[in-house]
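Residue strings, one per chain:
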Amino acid sequence: MLTYLSLHLNKWKKRPGLALFILLFPLLVTILSYPFFQKAAEETAVPVAIVDEDESLYSTTVLKRVKEADRLRVISMSSSEAEKGVRKGEIEAAFIIKKGFQDTLQNGEIEETITWVRSNESTLDVFAKEAIGAELMRISLNAKAGNTLEQSSSVSFEKGFQYADQFWEPDPLFQMDFKKRSSEALAQEPYTLASWQMVTIELYFLYAWVVAILFLKTLVADQRTGRLQRIMITQHTTFSYFAGHFLVMVVMSLGLFLPATIALFFLSTAPLPFIAEWSAWAVVVLGTTLVITWFFFMGLGRKRWTVIVLIVLALGSFTLTAADIGLTLAWPHSWLVHKP
Amino acid sequence: MIQFHDVSKRYKRKNILNPFSLTVKEGSSVGIIGPNGAGKSTFLKLVASLERPSKGTVSFSGEPYEKAIRRVRAEIGYVPQEIALYEELTVKEQLSFWKKLEPVGVEEAFIDEMVQTLRLDEVWDQRIDRLSGGWKRKVNICVGMLKNPSICLLDEPTAGVDLAAKEDIIGWLRKLHQEGRTLLYISHDWYELRQLSDEYMVFASGKPVFQGSERRLLEEKANLMNSYKEDHELTRILQYV
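All values derive from a computational prediction rather than experimental measurement.

Draft legend 1. Examining the sheet that holds strand β1 (residues 46-52) of chain A more closely. Residues and elements named next belong to chain A. Strand order across the open sheet formed by four strands is β2-β1-β3-β4, with mixed pairing between neighbours. Because the sheet does not close on itself, it has two edges, and the strands there are β2 (72-76) and β4 (114-118). Across this sheet, the average inter-strand angle for adjacent strands is 25°, counted without regard to direction. Sheet topology places β1 next to strand β3 (residues 93-97); five bridges connect them, and they run parallel. When the bridges of β3 are listed, Ala49 appears paired with Ala94. The strands touched by helix α4 (residues 57-67) within the sheet are β1, β2 and β3, with β2 carrying the most contacts at an inclination of about 145°. Across the sheet, helix α5 (residues 79-88) touches β1, β3 and β4, and the angle it forms with β3 is around 160°.

Shown next, in the form of structure tokens:
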């Protein structure tokens, strides 16, 4: 049976460009579309607006640091735009850094320095509030330290401020045991596939399936050119021939589907157990699909038109599953989607 | 010895071969002639066990084909009319692949001799799809004969081949026959037929209408032409006898 695998490897070696393109196409798609995936991931972060009315060193520092926070998408805008955005639900909340922010903090006060604008629908803005509150606390405490040292010794306010600030790096010296809302923390939660990930995997499945169907044309050609008859006389039986070609089809199809899917999972930072579980399920579904495809092809007499019918079936399976219009469990794509 | 007893073949409600009986003797070299569509290739496929008769029995050394199928296929070398090769492979890769498929291995000395005689070493590393028709025919024959068969079936082995290549092929087949192998081959070329045949089989209207030596064919020629005078293609073929 492996003779047929080496035969096809030999044939593909003769057209390395085409063979590599077919093999790497889904992987290339994954890698090239990664920036899009990243953008999509960013868009799932909580959108909040920060209005900097003070435009001082302290306010820009807060803005800069909050922008670095995970799971937050910080947008700078004017006060009126921010309030409109919150009302329309385009942003979760807005934080207005009032004029005189730096002076107030330098005096060691934090009251009424920031206005928090939110609506009744705002739910996730607490993460932003927490991040901003932490930065506020840091600057305020540093300023307090600067003021105290300036009054009680010859140390300048700036030196005292910088000295106190070092206790915040890399992490605050004293801190509450808050569970940080970061990508690491999220990984602990059950990982689920986003709809764009699901459609991408369905497309890879379609690609691997269609390439496998097109491979069946080899069997049609073998029959038409008399190679199958020659094999029948040479090997006395066609069992090895058909078993060998089925093996090649399965290996090829899995080789196209699995690396691309796993690459997609890795780029999406899916946890390893999730990848393993999904890969195993995908192998089962693709294997079953290929077995059905094979028997369908053999049962219909290995004709050229059978290949066309099978391609139409594969396209139909993808379209009906993606469109989610009834009879979903009848299609291989929907088996893939409905992982138990 | 291969025996056909009251064999007929129907395909898609059409009679391809009408009932006939005949015997192919061991060690004979039979040239098969006849018009297109007379059933020559189907007959050869029946001998090769690639087709099953719709009625009647084909037997090999007294044993029906159904029971002796593995033995029959082990003894038979078949060269189809089509170039049944993998076009992307080189001659070397092609022979290597088909050798691997042989269940009981091959005689390397026999293959080396065949490669030398057919001068395939000249195109050893060339891809099949880049060879001329003549070279392709030679490789096609070589692959069909890899197992050193005792019964060689060839369907128009020299069709479209230049004279030099034809001489190589005829020389090789004659040598195989002289070594005691049974040869059955279809051809439209009288030069080739005379070089190789010690017996002729004439096909007309879906069955063999003559089997015998060249001398007997000459004797029967007029009768055959008279009996099948409607079949202009057969009449034209027999004129060259």
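Draft legend 2. Looking closely at the interface of chain B and chain A. If you look at the interface, chain B gives 30 residues, while chain A gives 21 residues. For the chain B and chain A pair, buried surface summed over both sides reaches about 2500 Å², with 61% attributable to carbon and sulfur atoms. Together, Arg73(B), Tyr86(B) and Leu101(B) form the three largest contributors to the area buried by chain B at its contact with chain A, with a combined 26%. Summed over the shared surface of chain B and chain A, the number is one salt bridge. In this structure, the salt-bridge partner of Glu93(B) is Lys14(A), at a minimum N-O distance of 2.6 Å. In this structure, the connection of chain B to chain A is made through seven residue pairs in polar contact (both at pLDDT 80 or more). Secondary-structure elements contributing two or more residues to the side of chain B that touches chain A are α2 (65-75), β6 (76-79), α3 (91-101) and α5 (133-144) of chain B. Sorting elements by how many residues they give to the side of chain B that touches chain A places α3(B) first, with five residues. Residue composition of the side of chain B that touches chain A, grouped by class: 17 nonpolar, three polar and ten charged.

Draft legend 3. Main features of the domain arrangement of chain A. Here chain A is partitioned into domain 1 (2-38 + 194-337) and domain 2 (46-186). The C-alpha centroid of domain 2 of chain A is placed 53 Å from the C-alpha centroid of domain 1 of chain A.

Draft legend 4. Looking closely at empty space enclosed by the protein. In total, this model carries one cavity of 30 Å³ or more according to the counting rule given. What lines the largest cavity is simply Arg230(A), Ile233(A), Thr234(A), Tyr78(B), Glu102(B), Val143(B), Gly144(B), Leu146(B) and Lys147(B). Taken together, the elements giving at least two residues each to the lining of the largest cavity come down to α12 (227-235) of chain A together with α5 of chain B. Counting residues per element, the lining of the largest cavity draws most heavily on α12(A), at three residues. Tallied by class, the residues present in the lining of the largest cavity amount to four nonpolar, two polar and three charged.

Draft legend 5. View of the side chain of Glu156(B). Residue and element names in this part refer to chain B. Structurally, Glu156 can be placed in the loop between β7 (151-155) and α6 (163-178). In this structure, Glu156 is buried with no salt-bridge partner, the nearest side chain bearing the opposite charge being Lys40 at 5.5 Å. Among the polar contacts made by the side chain of Glu156, one reaches the side chain of His188 at a distance of 3.4 Å. Here Glu156 is in contact with Gln81, Arg137, Ile186 and His188, once residues within four sequence places are set aside.

Here is what the cut-offs are and how they apply
- Throughout, a residue's number is its position along its own chain's written sequence, starting from 1.
- Note on labels: chains are lettered from A, ligands numbered from 1, in written order.
- The predicted nature of this model means local features are confined to residues of pLDDT at least 70 and side-chain atom pairs, given and counted, to a pLDDT of 80 or more, with totals for whole chains, interfaces and linings taken over all residues.
- Hydrogens and waters are ignored; side-chain quantities use all the structure's heavy atoms.
- Any two strands with at least two DSSP bridges between them are considered paired.
- Starting at the N terminus, helices and strands are each numbered in turn, a helix being any DSSP run of H or I of at least four residues and a strand any DSSP run of E of at least two.
- The axes used here are C-alpha line fits, helices contributing only the stretch in contact, and every angle between their N-to-C directions lies in the interval 0 to 180 degrees.
- Contacts were defined at the residue level, with two residues in contact if any of their heavy atoms lie within 4.5 Å.
- Two parts placed together each lose some accessible area under a 1.4 Å probe, and the buried area is that loss summed for both.
- For this analysis, a salt bridge means a side-chain nitrogen from Lys or Arg found within 4 Å of a carboxyl oxygen belonging to Asp or Glu.
- Residues adjacent in sequence count toward polar contacts only when both atoms are side-chain atoms; beyond that, a polar contact is any pair of N or O atoms within 3.5 Å, and within protein one must be able to donate a hydrogen and the other to accept it.
- Throughout, the ten residues Ala, Val, Leu, Ile, Met, Phe, Trp, Tyr, Cys and Pro are labelled nonpolar, Asp, Glu, Lys and Arg are labelled charged, and all others, Gly among them, are labelled polar.
- Here the limits of each domain have been adopted from an automatic or database domain assignment.
- The way it works is a 1 Å grid over only the protein atoms, where trapped points that fit a 1.4 Å probe form a cavity and open points with protein on both sides within 12 Å along at least five of seven lines form a pocket, and then any residue with an atom within 4 Å of a point lines it.
- Grid points are joined across faces, edges and corners, and a volume is the space filled by probe spheres set on the points.
- The classification of residues rests on relative accessible area computed with a 1.4 Å probe and restricted to protein chains. Under 20% of the type maximum is buried, over 50% is exposed, and intermediate values are partly exposed.
- Charged residues are defined here as Lys and Arg on the positive side and Asp and Glu on the negative side; His and the ends of the chain fall outside this count.

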